[in-house]
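Chain residues, written in single-letter form:
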Amino acid sequence: MPARVLNGIVIRDQIYAELTGEISALASAGIRPGLAAVLVGDDPASKVYVKNKIAACEKLGLASIQITPPATITTSELLAIIEDLNRRDDVDGILVQLPLPPQVDAKKILEAVDPAKDVDGFHPLNVGHLVAGRPTLVPCTPAGVMELLRRSSIPLEGAHAVVVGRSDIVGKPMALLLMHANATVTVCHSKTRDLPATVRRADLIVAAMGRPAMITPDYVRPGATVIDVGINRITDGGQAEKFFANFPERLAEFRAKGTALVGDVHPEIANVAGALTPVPGGVGPLTIAMLIRNAVKAARLRRGQRTPAAAAVQR
Ligand code: NDP
């Protein structure tokens with residue numbers, strides 16, 4: 001039986017509908033959450049990500065500003081921009097699009113963001129709250145995965161979750177959130193011995209390595225839930241033929257466009273997994289929804305408004 005598809009777009013739209021209610025309640029109280037996006041240089045992928053984030057703000061009625069310093073900016077110049085945004089009362093959330101140019105001390109920049117405005121959840125104070133299981137601003141991609149799992153009624157308590165990838169942005173916070181949800185968590189990385197055997201023991205796999213289609217059916221126990229965080233753009237025809245051999249529509253789309261997005265999970269796992277997220281249309285849309293939710297939460301908290309009970313639960 002083909003796997004159940006966990007559609008991130010449908011879940012994102014449910015979340016947007018809920019947020020719309022919350023945003024209009026805030027508007028009645030004279031509050032319009034504002035998000036500032038700092039986009040350094042002209043990396044094409046970063047530009048697309050920021051454009052999508054700003055578009056989501058506009059769609060939901062948040063105020064947004066974009067600051068676009070040149071790629072030659074220094075650490076101290078960028079720090080001055082962050083300090084200005086920290087002081088501005090109309091800015092509730094600050095996001096600094098990564099990666100930053102090599103001459104900029106990214107750690108210093110992320111630590112300079114006011115923790116109360118840290119909508120990406122990257123500040124060490126917020127990371128500490130996450131580790132301790134206290135309510136906080138949680139990194140958007142893993143928060144989105146938790147939302148997707150919860151709203152799809154995937155059981156986590158007692159489940160064996162294997163997270164492949166240990167980055168600060170995805171793998172580590174993902175593992176913490178799953179642990180707080182009472183899953184038994186294994187974290188794998190590039191030095192893990194016998195990765196396929198380890199992953200095969202999972203009830204739930206979260207793939208976040210940035211390696212196109214690496215998780216093949218032999219990594220997956222039949223019936224497991226597979227969450228594919230990876231977003232990889234492929235342009236190589238040979239790779240496309242290999243990945244989409246049994247997916248004629250995707251192959252035709254690749255041939256028409258000369259490019260396609262694939263996850264870290266091979267499309268063939270649809271024949272083995274119990275449930276899976278597609279790429280595109282799985283985890284990606286939820287990342288932006290969680291960013292908006294964090295901005296709304298930051299606006300409430302900064303203005304001394306209590307978050308609704310549901311939002312106060314760490315997720
Ligand atoms: P990083 O490159 O920061 O981290 C990758 C992790 O995967 C590292 O921990 C690395 O191990 C591990 N890894 C790499 N190769 C292997 C391998 N062969 N076997 C086992 N582990 C491996 O990536 P990110 O966490 O930032 O992103 C991961 C993926 O998620 C990317 O495809 C990215 O595009 C995507 N992404 C998607 C988002 C979304 O909204 N859907 C948002 C953010 C990211 P080690 O630590 O040992 O080097």
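The model shown is predicted, which means the values in this text are computed figures rather than measured ones. (Residues numbered from 1 in each chain as written. Predicted model: local features only at pLDDT ≥ 70, side-chain atom pairs only at ≥ 80, totals over all residues. Heavy atoms only, no water.)

Among the structural elements, T287 can be located in helix 11 (residues 283-302). A polar contact is formed between the side chain of T287 and the side chain of T141, at a distance of 3.1 Å. Those residues within four positions of T287 in sequence are excluded, and the remaining contacts are C140 and T141. (Helix = DSSP H or I, 4+ residues; strand = E, 2+ residues; numbered from the N terminus. Polar contact = N/O pair within 3.5 Å; in protein donor to acceptor, adjacent residues only side chain to side chain. Contact = heavy atoms within 4.5 Å.)

Our focus in this paragraph is the domain arrangement of the protein. Taken domain by domain, the protein comprises domain 1 (33-114) and domain 2 (140-284). Inter-centroid distance (C-alpha atoms) of domain 1 to domain 2 is 29 Å. (Domains from an automatic or database assignment.)

A few words on the pattern of salt bridges. In the structure shown here, the tally under the stated rule is 14 salt bridges. R151 is the salt-bridge partner of E147, the closest N and O atoms lying 2.8 Å from each other. Of this pair, E147 and R151 both sit in helix 6 (residues 140-151), four residues apart, roughly one helical turn. Relative accessible area serves as the criterion here: at 0%, E147 is assigned to the buried category. A relative accessible area of 22% means that R151 is categorised as partly exposed. Where R293 meets E147, a salt bridge forms, and the shortest distance between an N and an O atom there is 3.0 Å. In this pair, R293 sits in helix 11 while E147 sits in helix 6, placing the two residues 146 residues apart along the sequence. Side by side, R293 and E147 carry an identical accessibility label, which is buried. Bridged by salt links that share partners, the residues E18, E147, R150, R151 and R293 form one connected network. (Salt bridge = Lys/Arg side-chain N within 4 Å of Asp/Glu carboxyl O. Buried < 20%, exposed > 50% of the residue type's maximum accessible area, 1.4 Å probe, protein only.)

All right, on to the pairing of strand 8 (residues 225-228) then. Burial along strand 8 is two-sided: T225 and I227 facing one way and V226 and D228 facing the other are all buried. As paired strands, strand 7 (residues 204-207) and strand 8 are joined by four bridges and run parallel to one another. By the bridge assignment for strand 8, A207 is matched with D228. (Pairing = 2+ DSSP bridges.)

In the vicinity of the ligand, 21 residues are found, and the nearest of them are R166, S167, S190, G210 and T287. Within the side chain of S167, an N or O atom sits 2.5 Å from an oxygen atom of the ligand. With respect to the ligand, the side chain of T287 contributes an N or O atom lying 2.7 Å from an oxygen atom. In isolation the ligand offers 930 Å² of accessible surface; the protein chains occlude 71% of this area. Across the shell around the ligand, the residue classes tally to nine nonpolar, ten polar and two charged. (Near = heavy atom within 4 Å. Areas by Shrake-Rupley, 256 points an atom, 1.4 Å probe, with all protein chains shown as cover. Nonpolar A, V, L, I, M, F, W, Y, C, P; charged D, E, K, R; others polar.)

What follows deals with the packing of helix 1 (residues 8-28) against helix 6. Packing of helix 1 against helix 6 brings their axes to within 10 Å, and their N-to-C directions diverge by 95°. Between helix 1 and helix 6, the angle is such that the two are roughly perpendicular. Contact residues: G8, I11, Q14, I15 and E18 in helix 1; E147, L148 and R151 in helix 6. Its residues assigned to classes, the contact of helix 1 with helix 6 comprises three nonpolar, two polar and three charged. (Axes fitted to C-alpha atoms, helices over the stretch in contact; angles between N-to-C directions. Parallel < 35°, antiparallel > 145°, perpendicular 65-115°, else oblique.)

For the protein, the mean per-residue pLDDT works out to 95, and 97% of the residues sit at or above 70. When the criterion is pLDDT under 50, residues 309-315 qualifies, and its contacts beyond four places in sequence or with other chains add up to 19 contacts. (pLDDT = per-residue confidence, 0-100.)

Before going further, it helps to spend a moment on the nonpolar core. Ranked by internal contacts, the top residues of the largest apolar core, which has 54 residues, are L149, L178, I227 and I292. Put simply, the parts of the chain that give this core at least two residues each are helix 1, strand 2 (34-38), helix 2 (44-60), helix 6, strand 5 (160-164), helix 7 (171-180), strand 7 and helix 11. Counting contributing residues, this core receives three or more from each of domain 1 (33-114) and domain 2 (140-284). In this view, L149 contacts I154, L156, L178, L204, T225 and I227; residues no more than four positions away in its chain are not counted. (Core = buried A, V, L, I, M, F, W, Y, C linked by side-chain atoms within 4.5 Å.)

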